[in-house]
Each structure stands twice: as structure tokens, then as C-alpha cells.
Amino acid sequence: MQVKLGFGAIPKPQYVFVSRESDYCWYMLSEDRKQIPIYDKALTGVITGIEVEKKVETSFGLTLKTDLYILADKPYIIRSGNESYFSKGLLLSLDILTCEQLRQPLTITVSPGDRTIVFCTIYDPVTYRSIGVSWDGHKEVNWQALGQKVSQKINLNAYAIDDRVKIPASVTTAELHETLIAQTDTYLAQLNWTQEVGRQFLHQRYGKRSRTQLTDAELLDFIDYLKLQPRV
């Protein structure tokens, strides 16, 4: 992203709001809070973070939103209703993507559905292929758990596991894997787990005997489990 010298707009993220209107599906707000329609149906950039179940005060009262942070020609924040089809499609797609894919530019698209519905589809801008998701059984999905899982994966990928371990977006897959294992070392030490206890747990939960055999998603799940355990 090129920095423009001289006078200009305040350098702050641009909010993009998802809404099914007559001839567009998302918009920005002017300084006097008027809608500025976005007729383009795609935004391409690098995802840098996500917030799910974010409490936002609106004219209708306190509501839950999903905020997707994406860096393109400028930083954008795509805001959608937490229970909307857009948010759910977004989470389903992001859950499929690997950490390596999440470090590459992706294209977020909108398409209108019935009445107020807006659908989200993510594309690989290099191959033009969409991230195929299935809506079968979506009513049985634990969306809160999925949101937490996706949030942890994306925010870890872009920022950090915690305040002490920084992970830039350019980190390699191998480096990320090593950092995740190092983070489990911290929690295991706090819990006073022996190697044998750890091996037994890994075998029971993941069918594996070593943390090096775990995938990034499994390591994230393991970290999430360890964080919830009472400290010795």
C-alpha cells in the first residue's frame, strides 16, 4: 500500500456495511452518515483479523456484528449482522482455508438473495476459483464455536497467540507450527503435565503421539483446551 504525502483524509479504516438494497449489497457512510453505494461486488485484499459477536450500539439498540478486517488499497472493515447469511457463509469459507491461504490476497464477494439476504463467497484471485462451502446441515452448526475457532486461527495468523508471541502475516507455515508448539510448552509447564500425560491426551483426542504430528488446526484446538484448564 503506497503512502500518499501531503494533505488528505484521516488515515483510519473504512467501514463497509453489508445490506441488501435494490441494486447494491454493501455501502460506506459519508461524514454526514449518508449511504454511499458500492456497486462493485468484490473486494480483494489480505485478511488481517476478524471479530465475531461484537456488541455494537445501533439505532435499533445493541446488536451483535461480525467485523472482517482486510487490507487492500486501504484498510477496510466489512461489518455484517452476526446471524446473517453473509456472516455464516464467511465463517464457513474461512474455516476451510488453510493458514497459508489466509496469508495470500483473497477476494470477498457479495451476491443478493431473497428479500434482505446477502450471500458471501470467497475467491482465490489468482486461480479465480471459489472456496466451495456446503450449507447442508447449517442449522445444526454451532456458530458460536465456529466463530471462535475461525477468529483464533485468523487473529493468530495475523497478529499473535497472546501478548508475548508476535506472528507477522509473512510468517512461514513451518515457523507458525513451531510457534504454536512453543505456546503449548508454556501452558503445559503451567499445568505441570508430564510427557506421558501429554502423549496419552494427544492419543485419545487426536489419535497422535506427538505435538509435531498435529496440524495447525489441531494445535489451536489443543491450545484452546489447555487455556481452559485450572492452573496448578
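Cut-offs applied
- Residues numbered from 1 in each chain as written.
- Predicted model: local features only at pLDDT ≥ 70, side-chain atom pairs only at ≥ 80, totals over all residues.
- Heavy atoms only, no water.
- Salt bridge = Lys/Arg side-chain N within 4 Å of Asp/Glu carboxyl O.
- Helix = DSSP H or I, 4+ residues; strand = E, 2+ residues; numbered from the N terminus.
- Buried < 20%, exposed > 50% of the residue type's maximum accessible area, 1.4 Å probe, protein only.
- Pairing = 2+ DSSP bridges.
- Core = buried A, V, L, I, M, F, W, Y, C linked by side-chain atoms within 4.5 Å.
- Contact = heavy atoms within 4.5 Å.
- pLDDT = per-residue confidence, 0-100.
- Expected span 1.5 Å × (residues − 1).
- Arc of directions from axis to C-beta.
- 1 Å grid on protein atoms, 1.4 Å probe; cavity = no way out; pocket = protein on both sides within 12 Å on 5 of 7 lines; lining within 4 Å.
- Points joined across faces, edges and corners; volume = space filled by probe spheres on them.
- Nonpolar A, V, L, I, M, F, W, Y, C, P; charged D, E, K, R; others polar.
- Phe/Tyr/Trp six-rings, centres within 6.5 Å; stacked < 30°, edge-to-face > 60°.

> Please clarify how the pattern of salt bridges should be interpreted in this entry.
Opposite charge on two side chains makes pairing possible when the charged atoms of those side chains draw close. Taken as a whole, this structure holds eight salt bridges when the rule is applied. Residue aspartate 67 pairs with arginine 79 through a salt bridge whose shortest N-O separation is 2.8 Å. Pair noted here: aspartate 67 is in strand β5 (residues 61-71) and arginine 79 is in strand β6 (residues 75-81), with a separation of twelve residues, a long-range link. Accessibility assignment for this pair places aspartate 67 and arginine 79 in one class, buried. Among the ionic pairs, arginine 211 bridges to aspartate 185, the shortest N-O distance being 2.6 Å. Of this pair, arginine 211 sits in the loop between α5 (195-206) and α6 (216-227) while aspartate 185 is found in helix α4 (residues 173-191), placing the two residues 26 residues apart along the sequence. Judged by relative accessible area, aspartate 185 falls into the partly exposed class, the value being 39%.

> I keep staring at the pairing of strand β3 (residues 35-38) and nothing clicks. Help me out?
In summary, the side chains of a regular strand alternate between the two faces of the sheet. Note: strand β2 (residues 26-29) against β3, four bridges, orientation antiparallel. The residue bridging methionine 28 from the neighbouring strand is isoleucine 36, located in β3.

> Got a minute to help me understand the nonpolar core in this structure?
Most often, soluble globular proteins keep nonpolar side chains buried together rather than apart. Residues Leu68, Ile78, Phe86, Leu90, Leu94, Ile108 and Ile122 are the most contacted members of the largest nonpolar core, which totals 31 residues. Once you skip the residues sitting within four places of it in the chain, isoleucine 122 turns out to touch Leu90, Ser93, Leu94, Leu97, Leu106, Thr107, Ile108, Arg129, Ser130 and Ile131.

> I keep staring at the confidence of the model for the chain and nothing clicks. Help me out?
As a note on interpretation, predicted positions should not be read in detail where pLDDT is low. Of all residues in the chain, 89% have pLDDT values of 70 or greater, and the mean over the chain is 86. For the chain, strand β9 (residues 160-162) is the element with the lowest average pLDDT, namely 42, and strand β7 (residues 106-112) is the one with the highest, namely 97. The low-confidence segment residues 159-166, where pLDDT is below 50, has 19 contacts with residues more than four positions distant or belonging to other chains.

> Looking at this structure, I do not really get α5. What am I missing?
With twelve residues, α5 extends 16 Å between its outermost C-alpha atoms, agreeing within 8% with the 16 Å of an ideal straight helix rising 1.5 Å per residue. Buried within α5 are the following residues: Gly198, Phe201, Leu202 and Tyr206. End-on, the buried residues of α5 take up no more than an arc of 100°, which puts them together on one face. Just past α5, the residue glycine 207 takes up positive phi, approximately 70°.

> Just to check I follow, could you spell out helix α1 (residues 85-96) for this structure?
In an α-helix, one turn spans 3.6 residues; hence positions three or four apart end up facing the same way. Helix length check: α1 (twelve residues) gives 17 Å between terminal C-alpha atoms against 16 Å at 1.5 Å per residue, within 8%. Counting buried residues along α1, nine of its twelve residues qualify, which places the element largely inside the surrounding structure.

> Looking at this structure, I do not really get the pairing of β2. What am I missing?
Note that strand β1 (residues 14-18) and β2 share two bridges and pair antiparallel. Looking at β2, one finds that phenylalanine 17 is bridged to tyrosine 27. Between β2 and β3, which pair antiparallel one after the other, the connecting turn spans five residues, and arginine 33 there sits at a positive phi close to 70°.

> Help me understand the layout of surface pockets, please; the structure alone is not making it clear to me.
One way to see where empty space is left: roll a probe the size of a water molecule over the atoms. For the largest pocket, the calculated volume is near 930 Å³. Contributing to the lining of the largest pocket are 24 residues, with Ala9, Ile10, Pro11, Lys12 and Lys74 lying nearest its centre. Among the secondary structure elements, those contributing two or more residues to the lining of the largest pocket are β1 and β2. Top contributing element to the lining of the largest pocket by residue count: β1, with three residues. A class-by-class count of the residues in the lining of the largest pocket yields 13 nonpolar, five polar and six charged. In this structure, the second largest pocket spans a volume of roughly 680 Å³. Along the walls of the second largest pocket sit 24 residues, with Phe17, Val18, Ser19, Tyr27 and Lys65 positioned nearest its centre.

> Explanation requested: the packing of aromatic side chains in the structure shown.
Aromatic ring pairs are described here by two measures, namely the spacing of the ring centres and the angle between the planes. Taken as a whole, this structure holds eleven aromatic pairs when the rule is applied. Note on phenylalanine 201 and tyrosine 206: the rings are 6.5 Å apart at their centroids and 75° apart in plane angle, and the pair reads as edge-to-face. Of the two residues, phenylalanine 201 and tyrosine 206, neither departs from the other in class, the shared state being buried. Consider the rings of tyrosine 206 and phenylalanine 222, whose centres lie 6.4 Å apart with planes at 80°: the pair is edge-to-face. In this pair, tyrosine 206 is assigned in helix α5 and phenylalanine 222 in helix α6, connecting sequence segments 16 residues apart. Phenylalanine 222 matches tyrosine 206 in its accessibility class, with the two residues each being buried.

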